[in-house]
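# Fold and geometry: a report
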Amino acid sequence: MPRPPLSLKARAVGYLSRREHSRAELARKLAPHAESPEELERLLDTLERENWLSNARFAESLVHRRASRYGASRVMQEARTHQLDGEQLADLQQQLRATELERAREVWRKRFGVAPATPEEKAKQLRFLTARGFSQAAISRVIRDADLPPDEQPE
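All figures in this text were calculated on a predicted structure; none of them were measured in a lab. (Residues numbered from 1 in each chain as written. Predicted model: local features only at pLDDT ≥ 70, side-chain atom pairs only at ≥ 80, totals over all residues. Heavy atoms only, no water.)

Here we come to the overall build of the protein chain. Counting its regular elements, the protein chain contains eight helices and zero strands. Reading the protein chain from its N end, one meets helices and strands in the order α-α-α-α-α-α-α-α. Compactness check: the protein chain gives a C-alpha radius of gyration of 21 Å against a globular reference of 15 Å for 155 residues, more than 25% above the reference. The principal-axis extent of the C-alpha atoms belonging to the protein chain is close to 65 × 40 × 20 Å. Buried residues in the protein chain amount to 37% of all 155 residues. Within the protein chain, contacts between residues at least 6 apart in sequence are counted, and of these 57% link residues at least 24 apart. Summing over all exposed atoms, the protein chain offers an accessible surface of approximately 9800 Å²; the carbon and sulfur share of this is 51%. (Helix = DSSP H or I, 4+ residues; strand = E, 2+ residues; numbered from the N terminus. Rg over C-alpha atoms; globule rule 2.2 N^0.38 Å. Buried < 20%, exposed > 50% of the residue type's maximum accessible area, 1.4 Å probe, protein only. Contact = heavy atoms within 4.5 Å. Areas by Shrake-Rupley, 256 points an atom, 1.4 Å probe, with all protein chains shown as cover.)

Set out below in structure tokens:
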């Protein structure tokens, strides 16, 4: 016997129980199942009021999931697709910029771990970190510091 279809709220809670979603992302996922755009907006408002849905929590979750592997520009690019408000984006960018050098060093260390010996190796390392979304300032510093002897490495 087939199961009855899930209510819109049950679908929403199911998505939110697996991971945080932005309001825009949840609206996109639920839209095909809603009877009307008004019904969907009412549900989203209710979920926010009941604290099931929070763009602030979503932003924290995004940083937690992505920041250890990607630079500020890459994480910010993804955050913009979720239509977070300007203040949330500014806070997120400030938080990411504050830790970018340390995160770039860790990503570089995991992938390469040794200073580039040839211009080709240096170019490869630069391309890798650039593709990950790290700033040119952070990349330059990581590559430059890689040439330092171990006793002079920054903490």
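Continuing now.
The next thing to look at is the pattern of salt bridges. A full pass over the atoms with the stated rule returns 11 salt bridges. Salt-bridge contacts for Arg 105 lead to Asp 145; the nearest nitrogen and oxygen are separated by 2.6 Å. With Arg 105 in helix 6 (residues 86-111) and Asp 145 in helix 8 (residues 136-146), the pair connects residues that are 40 residues apart, well separated along the chain. By relative accessible area, which is 17% here, Arg 105 ends up buried. For Arg 141, the salt bridge goes to Asp 145, with nearest N and O atoms at 3.4 Å. Note that Arg 141 and Asp 145 are positioned in helix 8 at a spacing of four residues, about one turn of the helix. Owing to a relative accessible area of 33%, Arg 141 belongs among the partly exposed residues under this scheme. For Asp 145, a relative accessible area of 6% translates into the label buried. Through salt bridges with shared partners, a single ionic network connects Arg 23, Glu 41, Asp 45 and Glu 48. (Salt bridge = Lys/Arg side-chain N within 4 Å of Asp/Glu carboxyl O.)

Counting 14 residues, the largest nonpolar core has Ala 79, Leu 84, Leu 92 and Leu 96 as the members making the most contacts within it. Sequence-distant contacts of Leu 96, that is, excluding residues within four places in its chain, are made with Val 63, Ala 67, Ala 72, Val 75, Met 76 and Arg 103. Judged by nonpolar contacts, the second largest core, of 13 residues, contains Leu 101, Val 107, Phe 128 and Phe 134. (Core = buried A, V, L, I, M, F, W, Y, C linked by side-chain atoms within 4.5 Å.)

At their nearest, the axes of helix 2 (residues 23-30) and helix 3 (residues 37-49) sit 11 Å apart, and the two run at 140 degrees to each other. As judged from the angle between their axes, helix 2 and helix 3 are oblique. At the point where helix 2 passes helix 3, the crossing takes the right-handed sense. Contacts between helix 2 and helix 3 involve Arg 23, Leu 26, Ala 27 and Leu 30 from the first element and Leu 40, Glu 41, Leu 43, Leu 44, Asp 45, Leu 47 and Glu 48 from the second. (Axes fitted to C-alpha atoms, helices over the stretch in contact; angles between N-to-C directions. Parallel < 35°, antiparallel > 145°, perpendicular 65-115°, else oblique. Left-handed = near helix turned anticlockwise from the far one by under 90°.)

As a further point, take the packing of aromatic side chains. Within the structure shown, the criterion is met by one aromatic pair. On the numbers, 5.4 Å between centres and 90 degrees between planes, the contact of Phe 112 with Phe 128 is edge-to-face. Of this pair, Phe 112 sits in the loop between helix 6 and helix 7 (119-131) while Phe 128 sits in helix 7, placing them 16 residues apart in sequence. For the residue pair Phe 112 and Phe 128, the accessibility class agrees, reading buried in each case. When the ring centre of Phe 128 is taken as origin, the NZ or CZ atom of Arg 111, which lies over that ring, is 5.1 Å away. (Phe/Tyr/Trp six-rings, centres within 6.5 Å; stacked < 30°, edge-to-face > 60°. Lys NZ or Arg CZ within 6 Å of the ring centre and 35° of its normal.)

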